[in-house]
Structures are given as structure tokens and as C-alpha cells.
Amino acid sequence: MAKGKLIVLTGPSGVGKGTLLQALLKHHPELYLSVSVTTRAPRPGEVHGRNYFFVSRGEFERMVAQGELLEWAEFAGNYYGTPRAAVEEQIAQDNWVILEIELEGARQIRHTYPGATLIFILPPSLEELEHRIRGRGQDSDAAIARRLLRAREEVNAASEFDIQIVNDDFDQALEAIEHALYATAAC
Ligand code: 5GP
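Residues numbered from 1 in each chain as written. Predicted model: local features only at pLDDT ≥ 70, side-chain atom pairs only at ≥ 80, totals over all residues. Heavy atoms only, no water.

1. Looking at the UniProt feature "binding site: ATP" (unreviewed entry) in the protein
Reasoning step 1: Within this structure's numbering, the places UniProt gives as "binding site: ATP" (unreviewed entry) are G11, P12, S13, G14, V15, G16, K17 and G18.
Reasoning step 2: Within the secondary structure, P12 is located in the loop between β1 (5–10) and α1 (17–27).
Reasoning step 3: By secondary structure assignment, the location of K17 is in helix α1.
Reasoning step 4: Taking the relative accessible area as the measure of exposure, K17 reaches 11% and is therefore buried.
Reasoning step 5: Leave out the neighbours within four places in its chain, and K17 touches L9, T10, G11, P12, E100 and I121. (UniProt positions renumbered as here; feature names shortened; annotations may be inferred. Helix = DSSP H or I, 4+ residues; strand = E, 2+ residues; numbered from the N terminus. Buried < 20%, exposed > 50% of the residue type's maximum accessible area, 1.4 Å probe, protein only. Contact = heavy atoms within 4.5 Å.)

2. Here's the deal with the packing of α1 against helix α7 (residues 170–182)
Reasoning step 1: Two elements in contact, α1 and α7, have axes separated by 10 Å at closest approach and are oriented at 55°. Considering their axes alone, α1 and α7 lie oblique with respect to each other. Like other packed secondary-structure pairs, α1 and α7 cross with a definite hand, here right-handed. Contacts between α1 and α7 involve T19, L20, A23, L24 and H27 from the former and F170, A173, L174, I177, E178 and L181 from the latter.
Reasoning step 2: Residue composition of the contact of α1 with α7, grouped by class: eight nonpolar, two polar and one charged. (Axes fitted to C-alpha atoms, helices over the stretch in contact; angles between N-to-C directions. Parallel < 35°, antiparallel > 145°, perpendicular 65-115°, else oblique. Left-handed = near helix turned anticlockwise from the far one by under 90°. Nonpolar A, V, L, I, M, F, W, Y, C, P; charged D, E, K, R; others polar.)

3. Quick look at the sheet that holds strand β8 (residues 117–122)
Reasoning step 1: Strand order in the open sheet made by the five strands is β2-β7-β1-β8-β9, with parallel pairing throughout. Looking at the sheet topology across the chains shown, the edges are occupied by β2 (32–33) and β9 (163–166).
Reasoning step 2: Where β1 lies against strand β7 (residues 96–100), five bridges are found, and the strand directions are parallel. When the sheet's bridge partners are listed, K5 is paired in β7 with W96.
Reasoning step 3: In this fold helix α3 (residues 84–92) packs onto β1, β2 and β7, with an angle of close to 150° to the strand it touches most, β7. (Pairing = 2+ DSSP bridges.)

Shown next as C-alpha cells:
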């Protein structure tokens with residue numbers, strides 16, 4: 001019998017966790033991906049309600065004050081948070097919920113949901129990561145510099161997570177995530 005579960009996917013900017021996540025959701029459409037709230041401006045092609053709920057700082061602060069976020073953090077000058085209601089509803093219905101969030105948020109979840117499965121995606125190397133972030137060409141130089149600094153901090157905290165997966169070969173990394181989630185599901 002299925003039981004609700006919270007899964008946290010964390011890894012530095014540019015590590016490819018978004019692409020891994022999309023592939024995982026394709027293989028397992030029963031997984032529920034939480035859509036975060038952010039004060040960051042939408043990137044080209046991003047859709048409100050699908051990629052994020054894009055809100056003002058004022059609205060974000062109101063949500064924090066009202067306890068509407070399960071966790072939240074500031075990242076590279078913007079706020080990001082997980083809406084509480086949808087996640088709790090899905091877990092109550094015995095669904096598996098995935099949060100794709102940064103380190104501070106993952107730490108908060110580890111405290112509030114000790115049963116959560118925390119997965120950290122590592123780059124093959126920091127040099128490779130820098131190459132990927134710059135190659136993406138989506139952010140300003142200042143934003144890239146902030147993201148690189150944060151990436152180093154995050155990689156140093158990888159051992160805090162239950163499972164560490166290196167995204168060197170995409171298919172192998174995806175398989176490792178699936179194994180981490182489903183190999184223990186029968187327990
Ligand atoms: P991006 O701006 O590249 O979409 O996301 C920046 C970082 O914020 C990524 O590491 C992403 O995982 C993280 N992030 C996205 N949504 C949330 C959230 O709801 N909470 C937290 N703590 N981090 C988030």
C-alpha cells in the first residue's frame with residue numbers, strides 16, 4: 001500500500017537537477033512536483049503556476065508571516081519557498097511529493113519532516129559546474145558570480161543528505177535516483 005512520502009532534491013545551480021527531475025516525472029507520472037513561490041523575475045519561457053508562482057516581495061513576506069510556506073530561503077538575492085497546503089494535502093492522500101529546493105530549505109525540511117528522503121545531486125567537478133552555469137547564458141554576470149559562490153557552499157554540505165548522486169552520466173544519475181526512491185519503497 002502506498003504511503004505519503006516527501007522527497008527533497010537539492011544540488012547546486014547548473015548541476016542539471018531540473019532536467020533529471022523532468023525525466024523522473026516522465027517515468028513516474030504518479031509523483032507530485034511541488035511548484036514553489038519566488039520573487040525572482042520569470043526567465044524567458046517560464047510560466048506562472050507551472051515553473052513557479054512569481055510573486056512580489058510583499059506577497060512573499062505576507063505568506064511567510066501567515067505560515068503559508070513549509071520552508072523558505074533567500075537565494076542569489078531572491079526569495080524562494082514551498083507552499084505548505086498543496087504538499088500537506090498530497091501527502092495526506094498518500095502521494096509522493098518532490099521538492100526541488102536549495103540547501104537552506106532542505107535543512108528546514110530535515111527538521112520538520114525527519115522521514116523525508118533527501119537527495120543531493122553533485123557535479124562531476126566544480127570546474128564543470130562553472131562551465132555549465134556560464135554556458136546557460138540566462139543570468140547576469142553578477143547573478144552567475146553569486147550562484148557560483150553558493151554552489152561551492154552547497155557542494156560542501158552534500159554529506160548532510162541521505163543520498164549523493166553525481167550527475168556525470170545522465171542516464172546513470174537518473175537510474176540512481178530511481179533506485180534510491182523505489183528500491184526502499186517496499187519496506
Ligand atoms: P532558479 O532561480 O535557478 O530557478 O532556482 C534557484 C535555486 O532555488 C535552485 O537551487 C532551486 O532548487 C531553489 N529553489 C527553487 N524553489 C525553491 C523553494 O521553494 N525553496 C527553496 N528553499 N529553494 C528553492
